[in-house]
Structures are given as structure tokens and as C-alpha cells.
Amino acid sequence: MTEYVLIIIGAVLVNNFVLTRFLGICPFLGVSKKLDTALGMCGAVIFVMTAASAVTWLISRFILSADGIFYTDLQYMQTIAFILVIASFVQLVDIAMKKIVPALHGALGIFLPLITTNCAVMGVAILNVQLKYNFMKAVVFGFAASLGFSLALIIFTGLREKIDRANPPKAFQGVAIALITAGLLSLAFMGFAGLVK
Amino acid sequence: MHPVLTTTLAIGGVGAACGGALAMAAKFLAVHEDPRIEETANLLPGANCGGCAYAGCADYAKAIILDDAEINLCAPGGESTLCALAAMMGVEASAAEKKVAIVLCGGDSDKAPRKFAYNGIADCTAANSTGAGDKKCAYGCLGYGSCSRACPTGAIEISKGLATIHPELCIGCGACVKTCPRKLIHMIPASRTMHILCSSKDKGPIVKKACSVGCIGCTKCTKMVEDEAITMQGPLAIVDYTKDYTNEETIEACPGKCIKKVPAVAKAMAGRQGSTVD
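A short tour of the structure in this document, coming up. (Residues numbered from 1 in each chain as written. Chains lettered and ligands numbered in written order. Predicted model: local features only at pLDDT ≥ 70, side-chain atom pairs only at ≥ 80, totals over all residues. Heavy atoms only, no water.)

## Focus: the overall build of chain A
So, step 1. Tallying secondary structure elements over chain A gives nine helices and zero strands in all.
So, step 2. Taken from N to C terminus, the helices and strands of chain A fall in the order α-α-α-α-α-α-α-α-α.
So, step 3. Taking all 197 residues of chain A together, the buried fraction comes to 47%.
So, step 4. At a minimum sequence separation of 6, the contacts of chain A that also span at least 24 residues come to 74%.
So, step 5. On chain A, roughly 9800 Å² of surface is accessible, and the fraction owed to carbon and sulfur atoms is 72%. (Helix = DSSP H or I, 4+ residues; strand = E, 2+ residues; numbered from the N terminus. Buried < 20%, exposed > 50% of the residue type's maximum accessible area, 1.4 Å probe, protein only. Contact = heavy atoms within 4.5 Å. Areas by Shrake-Rupley, 256 points an atom, 1.4 Å probe, with all protein chains shown as cover.)

Here's what the structure looks like:
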């Protein structure tokens, strides 16, 4: 149980995907202008990352590893295999969601295709392999990582909304001040370093 | 087995499985969306201005197809969009009256004096909440340009502390209406030429002290026009914009000089040859 708690704290605060590992920066900067859209993105990311870490773990264990169905070590193909699986998985979720829960599709719909190319999803899949997590740990790690992403995105969006109203100097307006804010936020999260190994 | 073959098999297999799953999903989980919705959305200008009161062009397209929404709500698209929509839906292009915004106040700083010097931020809402506005008239245009800043086409001119909307530049999106703290901006059919440029709900003597071009509520105009084109709402005369009616005599006769004739958009356009506004 302690291990799971440590995985969650580690992924959310200490090794935050966005602010410490620098993964998933494009949606972090792209959809952080309004809180509504940021929340939609968070929902979609939590869903996709949790599910994708489960799917990629299965692929890695049963197809790519030396004791999988091919009895050959195919780990060097993991990047391409994961891209393939994640992309089609997101697409599949998109189609299924449209049919089964149209309301949820309406809320998350436009964000789902964007996540296909989110490196945080890819990152969680590869880290799961590198850290040699078992299935449960991989899923919990994926979920915690997406929570960390959401935390960072929501904090950042709140800051950006306030900063836009605070009328920064012209040279800093827009992306410039956003990048500086992201840097400071990242520094703040560095304060958690060493809390969990 | 040769490693190349294994790899090809493994990755090819994963790819084929994913592709197969997607194909099955597309077949069994397909949601039949009316193809006309996309066609309709393509006909709309795509400005997503919200002037039609829907969340955007795609939403309006959906409403046209599924909820039988009117096809003449798109102001930026104008006549060309309406005709295209009418052709597609097989209905007649009806009452395609373009709407424009108008500020129902005629009191510039010469005619409607200020009661104190306001030195706060240049924003109408801020000015309006400072001592109930710096204008003597509690209903008149404050002239700090909140509406003008909201206008996407720069159609609102502020001169002498009064906002005036140039109808030939107005695309009828209604963005300015919300910004006016005194609710002076109204959306009206573009062909209307007779306007009562006053919104004061005060009684005659009070209006007279605050503004030289205010409606004093004498009811003279309501008696001159036909078909109740002007009606009294308390002490204020109001033009019924559903009726296309203009009477030069009435305009001349107004003792408060607040009824004005403003040229309709069509005429204004003719005078602006080479204008970029469609």
C-alpha cells in the first residue's frame, strides 16, 4: 500500500510530468488560456493516460518481451508499437464515446484527438517499462501522472487568466509571460525534490 | 524464426489488430450524423461571432438542420449566405433584413452637460458606478467607448462624448449591446431611418435640465404617425422598429429635437464606393 501512495505522491508532486519531467508541454501551453477548456483537457488526459498505461503494459508484457508470444526480445520496437497502440486506442475511445456517452464526448470530444500526440502519454508508457512496474502499479502510475498533469495545468491556467488581466508590459504579453510563469512554477515544484526517491 | 520476420509479424500484427478494431468500431458504433449539417456549416462564414445566438457557426448549422432554426440569423454572412442557405434548404429567402446596432442617445457633450469631472479609468461601466455616472442625464451615453472597444469592425465612433455607430460598417454581431452599462444600444433592422435618439425615462422638466435634445414626453409624435409606429412608454416615446415607417413631418415637428433621420444602410453604402465592407 505504501508503495502505491509513494507512486502517487511521486508522480503528482515530486516528479510532476509537466513541471519536472517536461513532458506534455504543448497542451500545457496550448489549452491553458481558459479554465473551462483546461478542465476539459484534464478530464480527457486523465482518462487516456490511465487507460493507455494499462494497454501499453499489456502490449509490452505479452508481445514485446522475451517471454511474450513471440519468444523474442522486441523491446527495441516499443516506441513505434506504443505510438501505434496509443493512437488507435484514442481513436477507438473517441468513436465509442460518441456512441455510448455523447454528453461526455461533447465535453471532451475536441481534446481527444489532441492527446494522441501528447508526449506525456507516451512518456508514461515508456516509464512503466523502464521502472519495471507490474500491471496495477503501471495503471496507478498512469493515473497519478495524469493527476499531476491536471494539477499543473489548472494552476497554470489560473495564473495565466490573472496575468492577462494584470496588463503586463507589451514585450511580455502573451506567450512570453506564459513561458516565464511556467519556469517559475517549475522552480516551485523543484522544492519537492528528494521527498520521494 | 528470423528476427526481421518476427518484428514484422509482431508490429504488423499489432497494427492489423488496431486497424481491425477501429474498422469494427467505425462500423458498429457509427453515429449517423446528418451530412447536411457539415454542408450547412461550410456555407456559413465561420466567424463564430455568436450574433445568431448560437454557440458558433457549427452550432447554428446544427440548429438549422435539426431544430428548424431560421436561416436568416447570420448577420456577417448577409445576403449571399442567406441565398446559399435558402438554395440548400429549398426554402425562400425571406425577410433577410440585415440588423445593425444603434445608440439611442443623441446627447453629446455640447447638448448634455456633465455634472462633475470624472478622472477614473476610461470605461463606461466604471464611470457609471462612480456617482451614478458623470453625465447629468442618468440615462445618456457616457462616451467612454466600452462599446467601441468591443466592436470587431471599428464601426463605433466616439466624438464629443457620444458613441455613434456607422451602420455601413456594422455587421450586426451585437457584441457592443452587452458592453453598454446603460443599455442604450439596440439591434434594429438596417432599413429603418427614423429614430428617437433618447432613452431617458425621466419626466420632461428633468430631461430638459439635463439635455437639450432629450425626449420630453410631449406625445406629439405619437399623434402624427400612422399605425402606432411611435408609442409612449411612460414619459418616453419609442419607435416600433417592427414597422418600416418614416414621416419627415414628425421628424421636423419634435419639440425636443430628438427624432432624427439617419440614412438607411443601402443608401449609406451607395455613398461609399469601393468600401471593403461586404
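## Considering a nonpolar patch on the surface
All names here are of chain A.
So, step 1. Nonpolar side chains collect at one region of the surface, where Phe22, Ile25, Phe172, Ile180, Leu184, Leu187 and Met190 lie side by side and expose about 660 Å² of accessible area between them.
So, step 2. A total of four residues in the nonpolar patch trace back to one element, the largest contributor, which is helix α9 (residues 175-190).
So, step 3. Tracing the backbone through its elements, the reader meets isoleucine 180 in helix α9.
So, step 4. Given a relative accessible area of 40%, isoleucine 180 falls into the partly exposed group. (Patch = residues over 30% accessible without salt bridge, like charges linked within 9 Å, V, L, I, M, F, W, Y side chains within 5 Å. Salt bridge = Lys/Arg side-chain N within 4 Å of Asp/Glu carboxyl O.)

## Thoughts on the pattern of salt bridges
Pairs may arise between side chains of opposite charge once their charged atoms sit close together.
So, step 1. Across all of its chains, the model carries five salt bridges over all chains by this definition.
So, step 2. The closest approach of N and O atoms between Asp67(A) and Arg61(A), which form a salt bridge, is 3.8 Å.
So, step 3. Take Asp67(A): its relative accessible area is 52%, and that puts it in the exposed class.
So, step 4. In this structure Arg61(A) comes out as partly exposed when scored by relative accessible area, which is 31%.
So, step 5. Between Asp134(B) and Arg114(B) there is a salt bridge, and its shortest N-O distance comes to 3.1 Å. Residue Asp134(B) is located in the loop between α5 (124-128) and α6 (146-150), and its partner Arg114(B) is located in the loop between β1 (99-103) and α5; the two are separated by 20 residues in the primary sequence.

## Section: the interface of chain A and chain B
So, step 1. Contacts between the two partners involve 18 residues from chain A, matched on the other side by 17 residues from chain B.
So, step 2. When residues of chain A are sorted by the area they lose upon contact with chain B, Phe70(A), Ile95(A) and Lys99(A) head the list and together hold 31% of the total.
So, step 3. At the boundary of chain A with chain B, the tally comes to zero salt bridges.
So, step 4. There are one residue pair in polar contact (both at pLDDT 80 or more) connecting chain A and chain B.
So, step 5. Counting residues per element, the ones that place at least two in the side of chain A that touches chain B are α3 (35-64) and α4 (78-100) of chain A.
So, step 6. Looking at the side of chain A that touches chain B element by element, the count peaks at 11 residues for α4(A).
So, step 7. When its residues are assigned to classes, the side of chain A that touches chain B shows 13 nonpolar, three polar and two charged. (Buried area = accessible area lost by both parts, 1.4 Å probe. Polar contact = N/O pair within 3.5 Å; in protein donor to acceptor, adjacent residues only side chain to side chain. Nonpolar A, V, L, I, M, F, W, Y, C, P; charged D, E, K, R; others polar.)

## Quick word on the environment of Met122(A)
Residues and elements named next belong to chain A.
So, step 1. Locating methionine 122 in the fold gives a position in helix α7 (residues 119-130).
So, step 2. Residue methionine 122 is classed as buried on the basis of its relative accessible area, which comes to 15%.
So, step 3. As for methionine 122 and glycine 24, which are separated by 98 residues in sequence, their C-alpha atoms are 9.4 Å apart.
So, step 4. Apart from the residues within four sequence positions on either side, methionine 122 is in contact with Thr79, Phe82, Ile83 and Ile86.

## Observations concerning helix α1 (residues 2-14) of chain A
So, step 1. Taken as a whole, α1(A) has its buried residues at Ile7(A), Gly10(A), Ala11(A), Val12(A) and Val14(A).
So, step 2. On its buried face, α1(A) is in contact with α8 (135-165) and α9 of chain A.

## Things to note about unusual backbone geometry
So, step 1. Phi is positive for Phe22(A), which is not a glycine, with a value near 60 degrees.
So, step 2. Position of Phe22(A) relative to the elements: it lies in the loop between α1 and α2 (25-30).
So, step 3. The phi dihedral of Lys183(B) is positive, around 55 degrees, even though this residue is not glycine.
So, step 4. Structurally, Lys183(B) is set in the loop between α7 (175-179) and β4 (185-189).
So, step 5. Classification of Lys183(B) by relative accessible area gives exposed; the value is 62%.

## Looking at the packing of α1(A) against α8(A)
Residue and element names in this part refer to chain A.
So, step 1. With their axes 7 Å apart at the nearest point, α1 and α8 run at an angle of 30 degrees to one another. Classified by the interaxial angle, the pair formed by α1 and α8 is roughly parallel. For the pair α1 and α8, the sense of crossing is right-handed. Listed contacts from α8 to Glu3, Tyr4, Ile7, Ile8, Ala11, Val12 and Leu13 of α1 are Met136, Lys137, Val140, Phe141, Ala144, Ala145, Leu147, Gly148 and Leu151.
So, step 2. Grouping the constituent residues of the contact of α1 with α8 by class yields 13 nonpolar, one polar and two charged. (Axes fitted to C-alpha atoms, helices over the stretch in contact; angles between N-to-C directions. Parallel < 35°, antiparallel > 145°, perpendicular 65-115°, else oblique. Left-handed = near helix turned anticlockwise from the far one by under 90°.)

## Some remarks on the packing of aromatic side chains
Residue and element names in this part refer to chain A.
So, step 1. What the rule picks out here adds up to six aromatic pairs over all chains.
So, step 2. Taking 4.3 Å as the distance between ring centres and 20 degrees as the angle between the ring planes, the aromatic pair formed by phenylalanine 28 and phenylalanine 156 counts as stacked. Linking phenylalanine 28 in helix α2 with phenylalanine 156 in helix α8, this pair joins segments that are 128 residues apart in sequence.
So, step 3. Exposure remark for phenylalanine 156: the relative accessible area of 0% places this residue in the buried category.
So, step 4. Consider the rings of tryptophan 57 and phenylalanine 135, whose centres lie 5.3 Å apart with planes at 70 degrees: the pair is edge-to-face. Here phenylalanine 135 lies in helix α8 and tryptophan 57 lies in helix α3, a separation of 78 residues in the sequence. (Phe/Tyr/Trp six-rings, centres within 6.5 Å; stacked < 30°, edge-to-face > 60°.)

## Here we look at the nonpolar core
So, step 1. Counting 58 residues, the largest nonpolar core has Phe17(A), Phe28(A), Met49(A), Leu64(A), Phe141(A) and Leu153(A) as the members making the most contacts within it.
So, step 2. Where this core is concerned, the elements lending two or more residues are α1, α3, α4, α6 (111-115), α7, α8 and α9 of chain A together with α1 (3-28) of chain B.
So, step 3. With 12 residues, the top contributor of residues to this core is α3(A).
So, step 4. Split by domain, this core shows at least three residues from each of two domains, domain 1 (40-162) and domain 2 (167-197) of chain A.
So, step 5. The next biggest cluster of nonpolar side chains, apart from the first, holds 40 residues, and it includes Val103(B), Ile196(B), Cys198(B) and Ala237(B). (Core = buried A, V, L, I, M, F, W, Y, C linked by side-chain atoms within 4.5 Å. Domains from an automatic or database assignment.)

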